[in-house]
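Residues per chain, in single letters:
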Amino acid sequence: MGNRKKTKTVQIGKVLIGGGSPVRIQSMCTTPTRDVEATVAQIQELEAAGCEIIRVACPTEKDANALGAIKKRIKIPLVADIHFNYRLALIALDQGIDKLRLNPGNIGSRDRIETVVAKAKERKVPIRIGVNGGSLEKDLLEKYGHPTPEALVESASRHVKILEALGFYDIVLSLKASDVPAMVAAYRLASETFDYPLHLGVTEAGTLLRGSVYNAIGVGTLLQEGIGDTIRISLSAESVEEVKVARFILEALGLRKFGPRVVACPSCGRAEVDVFKLANEVETRAMKLKDPMTISVLGCVVNGPGEAHESDFGITGGKEKGMIYIDGKQERVVPEAKLVDELFNEIQKRKQKKQENKT
Ligand code: SF4
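Here goes a summary of the coordinates provided.

### Digging into the nonpolar core
Right, so step 1: Residues I54, A80, A89, A92, L100 and Y187 are the most contacted members of the largest nonpolar core, which totals 77 residues.
Right, so step 2: When residues no more than four places from it in sequence are discounted, the contact partners of Y187 are L175, L198, L200, L222 and I227.
Right, so step 3: Listed in part, the 21 residues of the second largest apolar core include C265, F313, I315 and Y325.

Structure representation (structure tokens):
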């Protein structure tokens, strides 16, 4: 974390962002917020996958009024996403939310802004200003022609000034664009301009594969430069996929460790086991574990033993069977159908041993 830009620390419920805190993972529910059961179930699934802050949409009073009931049943901070309607922001604050996503310049008259900001201040609820290339102010579009980085930063500055003029500094900023180079440039400029924590994301990034790649490049480039305090990977896919991709991006950059890392080969004509199936099964099961470790899954002996040597646990394929490695050493040969189960039995045994040694 050494070269990270030092931003102001903002507290969202019990979670700190900015100021050298770990880069936090966020996501957004796809359920109607007023459906408390479905929303809580989705949030619990996301919590288990590693989500640290969750946002829900609040388009109506019914949705805003459901926030308190949701908050009571989840562990991670709850963020209400409000557009235009200051009354919904007031309800959300009364319901005990941990953060507001709201652009103060979009909620109307001065007294409305003051009322919302005063309540947020009193309850110590931070506000994220979320500037988006797709909803930039008309005059800025006319001035710049497109949602350029300068236009996005100028829009953010306007909202920031409104809050600062009211003595409100618990601010997080996002400047999202669907064009990756534009998004990167906007955040770079924002990082030079503001000291508030930055919430990174490529907006409307697309489906699972495309969106993951676009986000990995956009968000990853910025994180590598030390820019960014929290990330949301927008995907046209289940929210849990967003959390997984966010985890992989942070792990790939060495910024966070969440559990096992699965190293797997791409397979080739030499493989005598189904590498894709094995790798996917191992990845799915490894995602549920918390202890950091490396697990290698390789199709044959060309690279298998070498990679296993560098791993805590490994599988190397042979003819419809495979060798299990532990700490780089050959353990035993297992039929292909039992490889994954046997591997996770060994991982479980190791965990139990560790726990016994502790007690
Ligand atoms: S480890 Fe073996 S099967 Fe996998 S890509 Fe390398 S040579 Fe092919």
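### Looking at the sheet that holds strand β9 (residues 199–200)
Right, so step 1: Read from one edge to the other, the open sheet built from eight strands follows the order β8-β7-β6-β5-β4-β3-β10-β9, with strand pairing classed as parallel. Only two strands of the sheet have a single partner each, and these edge strands are β8 (171–176) and β9.
Right, so step 2: Sheet topology note: the β9/strand β10 (residues 230–232) ladder contains two bridges and is parallel. The residue bridging H199 from the neighbouring strand is T230, located in β10.
Right, so step 3: Across the sheet, helix α7 (residues 149–165) is in contact with β7 (127–132) and β8; its angle to β7 comes to roughly 155 degrees.
Right, so step 4: Helix α10 (residues 239–252) contacts β3 (24–28) and β10 of the sheet and is inclined by roughly 160 degrees relative to β3.

### Points about helix α1 (residues 36–49)
Since the α-helix advances by 3.6 residues per turn, residues separated by three or four positions end up pointing in the same direction.
Right, so step 1: Spanning 14 residues, α1 covers 20 Å between terminal C-alpha atoms, matching the ideal 20 Å at 1.5 Å per step.
Right, so step 2: In the core, the buried residues of α1 are packed alongside β3, β4 (53–57), α3 (67–72) and α10.
Right, so step 3: In the stretch just after α1, G50 is the one whose phi turns positive, near 120 degrees.

### Looking at helix α8 (residues 180–193)
Right, so step 1: In this model, α8 (14 residues) spans 20 Å end to end at C-alpha, consistent with the 20 Å of a helix rising 1.5 Å per residue.
Right, so step 2: When α8 is considered as a whole, its buried residues turn out to be A182, M183, V184, A186, Y187, A190 and S191.

### Considering the site of the ligand
Right, so step 1: Looking at the ligand, the residues that line it are C265, P266, S267, C268, R270, A271, L298, G299, C300, V302, N303 and G304.
Right, so step 2: Looking at the shell around the ligand residue by residue, the class counts come to seven nonpolar, four polar and one charged.

### Description of the packing of helix α11 (residues 275–286) against helix α13 (residues 339–358)
Right, so step 1: Direction vectors running N to C along α11 and α13 enclose 35 degrees, while the axes themselves pass 10 Å from each other. Once α11 is placed against α13, the crossing between them reads as right-handed. From α11, L278, E281, V282 and R285 reach across to α13, where they touch L339, V340, L343 and F344.
Right, so step 2: Partitioned by chemical class, the residues of the contact of α11 with α13 number six nonpolar, no polar and two charged.

### Points about unusual backbone geometry
Right, so step 1: The phi dihedral of E204 is positive, around 45 degrees, even though this residue is not glycine.
Right, so step 2: Take E204: it is sitting in the loop between β9 and α9 (208–224).
Right, so step 3: For E204, a count of 17 C-beta atoms within 10 Å gives the class partly exposed.

### Points about the sheet that holds strand β14 (residues 321–326)
Right, so step 1: The five strands lie next to each other as β11-β12-β13-β14-β15, forming an open sheet whose pairing is mixed. Both outer strands of the open sheet, β11 (260–264) and β15 (329–335), are each paired with one neighbouring strand and no more. If you compare each strand with its neighbour and ignore which way they point, the axes differ by 20 degrees on average.
Right, so step 2: Pairing of strand β12 (residues 293–298) with strand β13 (residues 313–317), which is carried by four bridges, proceeds in the parallel orientation. Within the sheet, the bridge partner assigned to L298 lies in β13 and is T316.

### Here's the deal with the pairing of β14
Right, so step 1: Bridge count between β13 and β14: five bridges; the pairing is antiparallel. Across the sheet, I315 pairs through a bridge with I324, a residue of β14.
Right, so step 2: Here β13 folds back onto β14 in antiparallel fashion, the turn holding three residues, of which E320 has a positive phi close to 50 degrees.
Right, so step 3: In this sheet, β15 lies alongside β14 in antiparallel orientation, the contact comprising six bridges. Its bridge partner lying in β15, Y325 is registered against Q330.
Right, so step 4: Where β14 folds back on β15, the antiparallel hairpin that results is connected by two residues, among which D327 adopts a positive phi of roughly 50 degrees.

### Re the environment of A38
Right, so step 1: Within the secondary structure, A38 is located in helix α1.
Right, so step 2: Residue A38 is classed as partly exposed on the basis of its C-beta count, with 14 C-beta atoms lying within 10 Å.
Right, so step 3: Along the chain, A38 and I70 lie 32 residues apart, while their C-alpha atoms are 9.9 Å from each other.

### Some points on the pairing of β7
Right, so step 1: Within β7, five of the six residues are buried, leaving the element largely enclosed by the surrounding structure.
Right, so step 2: With two bridges joining them, strand β6 (residues 99–101) and β7 adopt parallel strand pairing. The partner of R101 across the bridge, within β7, is R128.
Right, so step 3: The β-α-β motif built from β6, the intervening helix α5 (residues 110–122) and the parallel element β7 has right-handed crossover chirality.
Right, so step 4: Pairing between β7 and β8: six bridges, direction parallel. Of the residues in β8, the one forming a bridge with I129 is L173.

The rules behind the values
Residues numbered from 1 in each chain as written. Predicted model: local features only at pLDDT ≥ 70, side-chain atom pairs only at ≥ 80, totals over all residues. Core = buried A, V, L, I, M, F, W, Y, C linked by C-beta atoms within 7 Å. Buried ≥ 20, exposed ≤ 12 C-beta atoms within 10 Å, placed from the backbone. Contact = placed C-beta atoms within 7 Å. Pairing = 2+ DSSP bridges. Helix = DSSP H or I, 4+ residues; strand = E, 2+ residues; numbered from the N terminus. Axes fitted to C-alpha atoms, helices over the stretch in contact; angles between N-to-C directions. Expected span 1.5 Å × (residues − 1). Near = placed C-beta within 6 Å. Nonpolar A, V, L, I, M, F, W, Y, C, P; charged D, E, K, R; others polar. Left-handed = near helix turned anticlockwise from the far one by under 90°. Right-handed = clockwise from strand over helix to strand, strands pointing away.

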